[in-house]
Amino acid sequence: MSQTLDAVLTRIDADRDQALARLVELLSIPSISTDSDYDAETRRAAQWLADDLGSIGFDASVRETTGHPMVVAHHPGPKSAGANVPHVLYYGHYDVQPPDPLALWKSPPFEPQVVEGEHGERIVARGAVDDKGQLMTFIEAFRAWQKVDGELPIKVTVLLEGEEESGSPSLDPFLMENKDELAADVCVVCDTGMWNIETPAITYMLRGMVYLEVALHGPSHDLHSGMYGGAVVNPLNALTKILGELHDENGRVQVRGFYDDVEELTPTERGAWERLGFDESTFLAGAGMKQPFGEKGYSTLERTWARPTCDINGMVGGYTGKGAKTVIGDHARAKLSCRLVAHQDPNKIERALIEFFESRTPPGCTCSFTNHGAAPAIRVPTDSPHLEAAKAGLGDVYGREAVLIGTGGSIPVVGSIQQILGFDSLLVGFGLDDDRVHSPNEKFERRCFENGIRSHAAIMARLAGRK
Ligand code: BES
Ligand code: ZN
């Protein structure tokens with residue numbers, strides 16, 4: 001390990017309480033991108049990050065979009081002329097999911113708490129791991145390099161988005177308008193997980209997604225269920241019947257052509273995944289479950305990484321208030337999303353889903369649809385020099401080799417960067433399966449946070465070709 005990296009790692013250790021305090025400050029800002037009541041707070045988080053990056057030698061600014069702002073920051077890299085180092089774009093998102101249901105939080109979501117857990121201290125707050133804690137891992141690594149060496153070992157651009165949790169509507173236009181400014185050799189994305197707390201991971205496949213809202217409209221207004229029950233169609237009965245037909249008894253999605261383009265795993269990949277030694281019961285325990293569930297004939301890992309799904313994310317209609325109300329609601333609504341795998345075309349799946357609902361809509365009802373986003377599944381190359389550098393840097397910190405994993409989640413920016421900016425991404429993250437992402441009591445292990453900072457420092461050294 002180079003002497004400079006040694007000094008950087010020492011500096012990170014000495015600064016750990018301040019790093020935690022900075023994260024706590026950022027987590028205290030409720031930057032909920034889907035809720036316009038929080039627009040000012042979302043902007044405040046962007047400004048906080050631009051100010052922080054500005055304080056460590058970046059040329060940083062908050063940049064307007066038609067939605068929430070982006071933070072863009074540049075660092076020139078080493079001052080020595082002729083240094084042949086890569087230019088890396090670091091991506092993270094500073095927006096968070098809504099915290100509800102609030103009653104289930106043990107402490108308020110935007111009043112971060114450091115509490116003891118099975119792995120030592122953990123930080124509990126909305127956004128702790130998704131994604132504020134993770135984006136601070138690379139910012140803290142930059143800070144340490146800058147403080148120790150007066151510069152960064154590689155050329156860096158930072159892009160922090162404020163709409164990732166609400167479908168990234170401004171992302172593609174922003175990438176197109178700022179293509180030259182955002183040019184780099186590779187993008188490091190910090191929004192993924194580890195294999196387990198001892199084993200770092202690099203994610204090489206992500207699922208895609210189609211998100212659709214469907215509404216079934218019936219009578220012109222809510223009806224007395226005694227006067228009209230049995231005489232006219234009930235949109236809630238009708239919609240739940242259709243939704244009930246989405247899966248067969250083997251857990252296969254019944255939408256026409258859903259599996260047409262899905263490829264089976266190759267024996268090589270299946271073998272590599274088996275060798276990972278997936279601990280199913282720990283994974284399930286992270287969800288408070290003992291039993292797996294899903295498409296027959298596939299393992300849990302295969303079902304989440306390599307098989308498509310269709311899930312109802314929410315349903316409303318009729319009377320859900322206190323007590324009883326004998327009513328036939330005039331409409332019913334459901335939100336559903338399909339996770340897609342390689343080669344599935346999101347537009348084709350969306351059309352097939354619409355056809356699924358339209359062809360089953362009973363007389364007297366009409367249906368309408370709202371699209372909430374579509375993105376294909378993504379794979380990133382596993383044979384690039386950047387990936388080798390990341391593996392080496394993770395190895396320096398963890399003393400064991402990083403594993404290559406898939407994830408069931410979606411990170412649309414990876415596809416956008418591939419298509420618009422023309423380079424690949426490197427997905428290195430430090431989340432754990434039981435971090436309660438998008439749920440009450442979201443947390444980030446302090447150990448993951450600090451090893452994440454160390455890892456980014458070491459990866460930068462490796463990317464610069466410094467051992
Ligand atoms: N950080 C997640 C993606 C993720 C989740 C990666 C779990 C690895 C493991 C990200 O913020 C996210 O939630 N993305 C959305 C994207 C969607 C809104 C298009 C998702 O996957 O639901
Ligand atoms: Zn995220």
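All residue numbers refer to positions counted from 1 along the written sequence of the respective chain. For this description, chains carry letters from A and ligands carry numbers from 1, given in the order in which they are written. Where totals are concerned, whole chains, interfaces and linings use all residues; where local detail is concerned, this predicted model gives features only for residues with pLDDT of at least 70, and gives and counts side-chain atom pairs only at 80 or more. To obtain the side-chain values, all non-hydrogen atoms of the structure were used and water was disregarded.

Engineer: How should the state of the cysteines be read in this particular structure?
Structural biologist: Two cysteines joined by a covalent bond between their sulfur atoms form a disulfide. Cysteine sulfur atoms are paired as a disulfide whenever they come within 2.5 Å of each other. Tallied over the full model, the rule gives zero disulfides. With no disulfide partner, C365 has as its closest neighbouring cysteine sulfur the one in C367, 8.7 Å distant. Only protein chains enter the area calculation, which uses a 1.4 Å probe; residues under 20% of their type maximum are buried, those over 50% are exposed, and those in between are partly exposed. The class of C365 is buried, set by a relative accessible area of 10%. As a non-bridged cysteine, C448 has C190 as the owner of its nearest cysteine sulfur, 14 Å distant. Accessibility expressed as a relative area gives 1% for C448, which makes it buried.

Engineer: Looking at this model, I keep getting lost on the site of ligand 1. Mind explaining?
Structural biologist: Near is defined per residue: the residue qualifies when any heavy atom it owns lies within 4 Å of the molecule or strand. All residues adjacent to ligand 1 are H93, D130, E164, E165, D191, M209, R339, T407, G409, S410, P412 and H438. Whenever two N or O atoms come within 3.5 Å, that pair is a polar contact, provided that in protein one can donate a hydrogen and the other can accept it, and provided that, for residues adjacent in sequence, both atoms are side-chain atoms. H93 is positioned with one of its side-chain polar atoms (N or O) 3.2 Å from an oxygen atom of ligand 1. In this structure, D191 approaches ligand 1 through a side-chain N or O atom, which is 2.7 Å from a nitrogen atom. Burial of ligand 1 by the surrounding chains reaches 80%, relative to a free accessible area of 520 Å². The classification used treats Ala, Val, Leu, Ile, Met, Phe, Trp, Tyr, Cys and Pro as nonpolar, Asp, Glu, Lys and Arg as charged, and all other residues, Gly among them, as polar. Across the shell around ligand 1, the residue classes break down as two nonpolar, five polar and five charged. Note that accessible areas follow from Shrake-Rupley with a 1.4 Å probe, and for residues the cover is restricted to the protein chains shown.

Engineer: How should unusual backbone geometry be read in this particular structure?
Structural biologist: Backbone geometry follows two general trends: most residues other than glycine have a negative phi, and most peptide bonds adopt the trans configuration. The residue after D100, namely P101, is reached through a cis peptide bond having omega 5 degrees. The helix count covers DSSP runs of H or I at least four residues long, the strand count covers runs of E at least two residues long, and both are numbered beginning at the N terminus. With respect to the secondary-structure elements, P101 resides in the loop between strand 3 (87-93) and strand 4 (113-117). For the bond running from D130 to D131, omega is 10 degrees, close enough to zero to count as cis. Positive phi, normally seen in glycine, also occurs at S168, with a value near 50 degrees. Turning to its location among the elements, S168 is positioned in the loop between strand 6 (155-161) and helix 5 (171-177). Located in the positive-phi region is N441, a residue other than glycine, with phi close to 65 degrees. Looking at the secondary structure, you find N441 in the loop between strand 17 (425-428) and strand 18 (443-445).

Engineer: Please explain the coordination of the zinc ion (ligand 2) as it appears in this structure.
Structural biologist: Each angle at a metal carrying four tetrahedral donors should ideally be 109.5 degrees, and each at a metal carrying six octahedral donors should ideally be 90 or 180 degrees. Only N, O and S atoms count as donors, using a 2.8 Å limit from the metal and a wider 3.2 Å limit for Na, K and Ca, and since water is excluded some coordination spheres may look unfilled. The protein atoms that coordinate the zinc ion (ligand 2) are H93 (NE2), D130 (OD), D191 (OD) and D191 (OD), at distances of 1.9 to 2.5 Å. A site with four donors is called tetrahedral when every donor-metal-donor angle falls between 85 and 135 degrees; four donors are called square planar, and six octahedral, when opposite donors sit more than 155 degrees apart and all other angles fall between 65 and 115; any other arrangement is irregular. For the zinc ion (ligand 2), the six donor atoms are set out with angles of 54 to 165 degrees between them, so the coordination reads as irregular. Counting gaps between the donor residues of the zinc ion (ligand 2) yields the pattern H-x36-D-x60-D. Highlighted residues: D130 in helix 4 (residues 128-149) and D191 in the loop between strand 7 (186-189) and strand 8 (201-206), separated in sequence by 61 residues. Exposure class is identical for D130 and D191. Each is buried.

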